[in-house]
Structures are given as C-alpha cells and as structure tokens.
Amino acid sequence: ISLIENKVEESIDKDRALAHLYLLSKPAGMRMERVLRAANHLQTIKKRKQAALYYQLILDNPPPPPLKEKDKLIYIEAALGLVDVQGSHVPLPLQGVYLKKARKLAKQIDTPELLTRINLIYARVLTRNSGEMTRMAQQLIKEAYQVARRSGEKNLIRKTEIAQCVFLLWGGRISEAIQKW
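Since we're looking at a predicted model, the values are computed, not measured.

Describe the overall build of the chain, naming the residues involved and giving the relevant values.
Looking only at helices and strands, one finds 10 helices and 0 strands in the chain. For the chain, the succession of helices and strands along the chain, N to C, is α-α-α-α-α-α-α-α-α-α. For the C-alpha atoms alone, the extent of the chain along its principal axes is close to 60 × 30 × 30 Å. Buried residues in the chain amount to 43% of all 181 residues. Long-range contacts, defined here as pairs at least 24 residues apart, represent 52% of the contacts in the chain between residues at least 6 apart. Summed over all atoms, the accessible surface of the chain reaches about 10400 Å², with 54% contributed by carbon and sulfur. Charged side chains of the chain number 31 positive and 18 negative; the gap between the two group centres comes to 4 Å.

Right under this line is the structure:
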C-alpha cells in the first residue's frame, strides 16, 4: 500500500487500486477521500456493486472524533452514494441510520444545499419503502423547503418546490400538488 501511495502517479486508477487494497486489508490510516473518489468513479461507469462496497467501507470505518469538516463531507457523500447505488438492497433502518447521521453532520457544516439534498433523499427513501407519506418524510420535506428559503438560492428553492409537488402526488393529494405548482 505504501509503495502505491508514494510511488504511483496520482490518478483515478491509483485511487481504485488503493481502495481495493483498503477493502481487502482494512489498514489503519486509510485515506477515505481516495475511497470516495474511487466509489464515485465506479458509480459513474455503472459498476454499482463495487461502488457500494467502497461507500460501505467509508461508512463502516469513520475516523475517530472529533471529525474534521473534510471527514464529515466524505461520510455524507458516502451515505448518499450508498443509498443511491444500493438503496433497494440496504434495509430501511440502516438507510435511516446513515441518513440521520449525514443530516446531523450537514447541520454542523451548515451547507444548505447539502442538507436540503439529504432531507429530500431521506424523505424519498421513507416514502418509497413504506409506500405512503410518513410524518417524518413530511417533516423532512418541510425542513428542506425552509432551509432552501433561508439560503435564498433560487435554484435550490425551485428544486424543493418541485419535490414537494412530487411528494404530494405520491400521497394522492393531486389538487394540492397542482395548486402548489
């Protein structure tokens, strides 16, 4: 591992090689930003199972507290990545654990776009897996909209408004969705 880390030129292939070695040996001092880059790359080239393994490696091996902002962002991206590539294969309670922690970390970092994204994904996961709009999902959507409004970012506000309409439609509240649209 140290030979590759020190002698091989920086590239996605280096990240993928090291991520694979980390997965096999789980050494101390794993560079999770490399694992995340490898996972994201694998996701973009549609190697979802391998990407999921790397996202899971990150989630299962958090650095010791206190977490730096970089570590928080890596965890958040890994949680969102895993839910995206393997959501239907990861049990709902486990998705909830990852997304709750990601929400907590996003609030600490104070990034409205990231918190909104997490809330909307978490609400989608809850709704998709339960088959109905839960109170928790409704609260997440409401919070996402409030965060977007406070940020003042028009693009983010628009995304949350569209998401609200979609969730209303899923809930069978068609007239409300049309009115909101």
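Kindly report on the packing of helix α2 (residues 12–25) against helix α4 (residues 48–60), identifying the contributing residues and their values.
Taken N-terminus to C-terminus, the directions of α2 and α4 make an angle of 65 degrees; their axes are 10 Å apart at the nearest point. α4 is crossed by α2, and the crossing has left-handed handedness. On α4, the residues that touch Arg-16, Ala-19, His-20, Tyr-22 and Leu-23 of α2 are Gln-50, Leu-53, Tyr-54 and Leu-57. Classifying every residue of the contact of α2 with α4 gives 6 nonpolar, 2 polar and 1 charged.

Hey, could you go over the pattern of salt bridges for me, with residue numbers and the actual values?
Evaluated as defined, the whole model comprises 10 salt bridges. Where Arg-34 meets Asp-15, a salt bridge forms, and the shortest distance between an N and an O atom there is 2.6 Å. Of the two residues, Arg-34 is situated in helix α3 (residues 32–44) and Asp-15 in helix α2; the sequence distance between them amounts to 19 residues. A single burial state applies to Arg-34 and to Asp-15, both of which are buried. Of the charged contacts, one joins Glu-143 and Arg-103 as a salt bridge, the two residues approaching to 2.7 Å between their closest N and O atoms. Pair noted here: Glu-143 is in helix α8 (residues 135–151) and Arg-103 is in helix α6 (residues 92–109), with a separation of 40 residues, a long-range link. Given a relative accessible area of 12%, Arg-103 falls into the buried group.

Which residues make up helix α5 (residues 69–86), and what values go with them?
For α5, built from 18 residues, the straight-helix expectation of 26 Å at 1.5 Å per residue is met to within 8% by its first-to-last C-alpha distance of 26 Å. With 13 of 18 residues buried, α5 lies mostly within the body of the structure.

Requested: an account of the environment of Glu-176, with residues and values cited.
Here Glu-176 lies in helix α10 (residues 174–180). Accessibility expressed as a relative area gives 36% for Glu-176, which makes it partly exposed. Expressed as a C-alpha distance, the spacing of Glu-176 and Cys-165, which sit 11 residues apart in the sequence, is 7.9 Å.

Explain the nonpolar core residue by residue, including any values.
Core analysis: the biggest nonpolar cluster contains 50 residues, and Val-35, Tyr-54, Tyr-55 and Ile-76 have the highest contact counts within it. For this core, the secondary-structure elements that each account for two or more residues are α2, α3, α4, α5, α6, α7 (112–130), α8 and α9 (154–170). Other than its neighbours up to four places away in sequence, Ile-76 contacts Ala-102, Leu-105, Ala-106, Ile-109, Leu-114 and Ile-118.

Before we move on, can you summarise the confidence of the model for the chain with the specific residues and values?
Confidence along the chain averages 87 in pLDDT terms, with 93% of residues attaining 70 or more. Within the chain, α3 carries the highest mean pLDDT (96), whereas α10 carries the lowest (71).

Basis of the calculations
Residues numbered from 1 in each chain as written. Predicted model: local features only at pLDDT ≥ 70, side-chain atom pairs only at ≥ 80, totals over all residues. Heavy atoms only, no water. Helix = DSSP H or I, 4+ residues; strand = E, 2+ residues; numbered from the N terminus. Buried < 20%, exposed > 50% of the residue type's maximum accessible area, 1.4 Å probe, protein only. Contact = heavy atoms within 4.5 Å. Areas by Shrake-Rupley, 256 points an atom, 1.4 Å probe, with all protein chains shown as cover. Lys, Arg positive; Asp, Glu negative; His and termini not counted. Charge placed at Lys NZ, Arg CZ, Asp CG, Glu CD. Axes fitted to C-alpha atoms, helices over the stretch in contact; angles between N-to-C directions. Left-handed = near helix turned anticlockwise from the far one by under 90°. Nonpolar A, V, L, I, M, F, W, Y, C, P; charged D, E, K, R; others polar. Salt bridge = Lys/Arg side-chain N within 4 Å of Asp/Glu carboxyl O. Expected span 1.5 Å × (residues − 1). Core = buried A, V, L, I, M, F, W, Y, C linked by side-chain atoms within 4.5 Å. pLDDT = per-residue confidence, 0-100.

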